[in-house]
Amino acid sequence: MNVLGISGTPRENGNSDILLEYSLQPFTKSGWSVRHLRLREMTIHPCRACDGCKECKGNPCIQSDDMHLIYDAWRWCDALIISTPVYSRNISAQMMAVLDRHYGIREDRSLAGKPGGAIAVGAGTAGGQSIAITAIYNWMLSCGMICVPGELNGVTAKTLDPGDILKQPDRLRQAEVLGRNVMAIATKLRS
Ligand SMILES: Cc1cc2nc3c(=O)[nH]c(=O)nc-3n(C[C@H](O)[C@H](O)[C@H](O)COP(=O)(O)O)c2cc1C
């Protein structure tokens, strides 16, 4: 089975990227195929609302950028985990561009019925992590996905500098719990 992780930080060694890595570890250990896409390595433009996607069947978006890699991965995956830094009390602009571009393949319903989890990392206490988690889970619902919690809800954390999260073993553990929960639901759905 296949799992996709998408990480929305523009920073190398970003804390949200590290947490995503930990959430994907249970899949690797169980022999799943794992794809971890980092938006900092990709060029993805915002949706232009041109409705070009209505015209061209099979070619979801008229923009030529790296979004086709994510369209392919959405079709390929059996489960999805999304991780974002908190920017302006919300998900990063990089991640918002990706979620908006689902518009281009909305009629495929390629994510419908698949389980998903969310991770959000901000520098503040109550800095907007819960808003970012809610934004991701709401997007998943709008795609027909099944929202899976970690230990409590999605995984949230408070960090400032890249790599800081490695000093918070409990958050790393919570990311693994999220991964295990998403994997369990995907496995049940398959059987
Ligand atoms: C443009 C910008 C906006 C930010 N806005 C917030 C915010 O609203 N709330 C918050 O808690 N942290 C905010 N931060 C801090 C980041 O969320 C924090 O540094 C986090 O660790 C970034 O995730 P990363 O380590 O994965 O890159 C902001 C940082 C930047 C660069």
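In this report, we go over the structure that sits alongside the text.

Rules of the game
- Residues numbered from 1 in each chain as written.
- Predicted model: local features only at pLDDT ≥ 70, side-chain atom pairs only at ≥ 80, totals over all residues.
- Heavy atoms only, no water.
- Helix = DSSP H or I, 4+ residues; strand = E, 2+ residues; numbered from the N terminus.
- Rg over C-alpha atoms; globule rule 2.2 N^0.38 Å.
- Buried < 20%, exposed > 50% of the residue type's maximum accessible area, 1.4 Å probe, protein only.
- 1 Å grid on protein atoms, 1.4 Å probe; cavity = no way out; pocket = protein on both sides within 12 Å on 5 of 7 lines; lining within 4 Å.
- Points joined across faces, edges and corners; volume = space filled by probe spheres on them.
- Nonpolar A, V, L, I, M, F, W, Y, C, P; charged D, E, K, R; others polar.
- Salt bridge = Lys/Arg side-chain N within 4 Å of Asp/Glu carboxyl O.
- Contact = heavy atoms within 4.5 Å.
- Polar contact = N/O pair within 3.5 Å; in protein donor to acceptor, adjacent residues only side chain to side chain.
- Near = heavy atom within 4 Å.
- Areas by Shrake-Rupley, 256 points an atom, 1.4 Å probe, with all protein chains shown as cover.

1. Digging into the overall build of the protein chain
Broken down by element type, the protein chain carries 6 helices and 7 strands. Traced from its N-terminal end to its C-terminal end, the protein chain shows the element sequence β-α-β-α-α-β-β-α-β-α-β-β-α. Here the C-alpha radius of gyration of the protein chain, 16 Å, is about what a compact globule of 191 residues would show, namely 16 Å. Principal axes of the C-alpha set define a box for the protein chain whose edges measure 50 × 40 × 25 Å. Expressed as a percentage of the 191 residues in the protein chain, the buried residues total 51%.

2. Let's talk about empty space enclosed by the protein
This model, assessed by the stated rule, comprises 1 cavity of 30 Å³ or more. Of the voids in this model, the largest cavity is the one considered here, and its volume is about 110 Å³. What lines the largest cavity is a set of 15 residues, and nearest its centre among them are Cys47, Cys50, Cys53, Cys61 and Tyr103. A class-by-class count of the residues in the lining of the largest cavity yields 9 nonpolar, 3 polar and 3 charged.

3. Thoughts on the pattern of salt bridges
Counted under the stated rule, the structure contains 11 salt bridges. Residues Asp108 and Arg75 are paired through a salt bridge, measuring 2.9 Å at the closest nitrogen-oxygen approach. Within this pair, whereas Asp108 is found in the loop between α4 (93-100) and β5 (115-122), its partner Arg75 is found in helix α3 (residues 67-76), the two being separated by 33 residues in sequence. Judged by relative accessible area, Asp108 falls into the partly exposed class, the value being 42%. Given the relative accessible area of 38%, Arg75 is considered partly exposed.

4. With respect to the side chain of Ser16
Among the structural elements, Ser16 can be located in helix α1 (residues 15-29). For Ser16, a relative accessible area of 2% gives the class buried.

5. Thoughts on the environment of Thr159
Take Thr159: it is sitting in the loop between β7 (155-158) and α6 (169-190). For Thr159 and Ala123, which are 36 residues apart along the polypeptide, the C-alpha to C-alpha distance reads 4.8 Å. In this structure, Thr159 is in contact with Asn15, Val121, Gly122, Ala123, Asp164, Ile165 and Gln168, ignoring residues within four places of it in sequence. Here Asn15 takes part through its side chain, which lies 2.9 Å from a polar atom of the side chain of Thr159.

6. Considering the site of the ligand
Looking at the ligand, there are 17 residues lining it, with Thr9, Arg11, Ser16, Val86 and Arg89 nearest. Within the side chain of Ser16, an N or O atom sits 2.6 Å from an oxygen atom of the ligand. Between the ligand and Ser88, the relevant distance is 3.0 Å, taken from a nitrogen atom to a main-chain nitrogen or oxygen of the residue. Burial of the ligand by the surrounding chains reaches 75%, relative to a free accessible area of 640 Å². Of all elements in the fold, only α1, β3 (79-87) and β5 reach the threshold of two or more residues within the shell around the ligand. Looking at the shell around the ligand, the element that brings in the most residues is β3, giving 3 residues. Tallied by class, the residues present in the shell around the ligand amount to 6 nonpolar, 9 polar and 2 charged.

7. Here we look at unusual backbone geometry
Despite not being glycine, Asn13 shows a phi value in the positive range, around 60 degrees. The topology assignment puts Asn13 in the loop between β1 (2-7) and α1. Within the chain, Arg109 stands out as a residue other than glycine whose phi angle is a positive 55 degrees. Secondary-structure assignment places Arg109 in the loop between α4 and β5.

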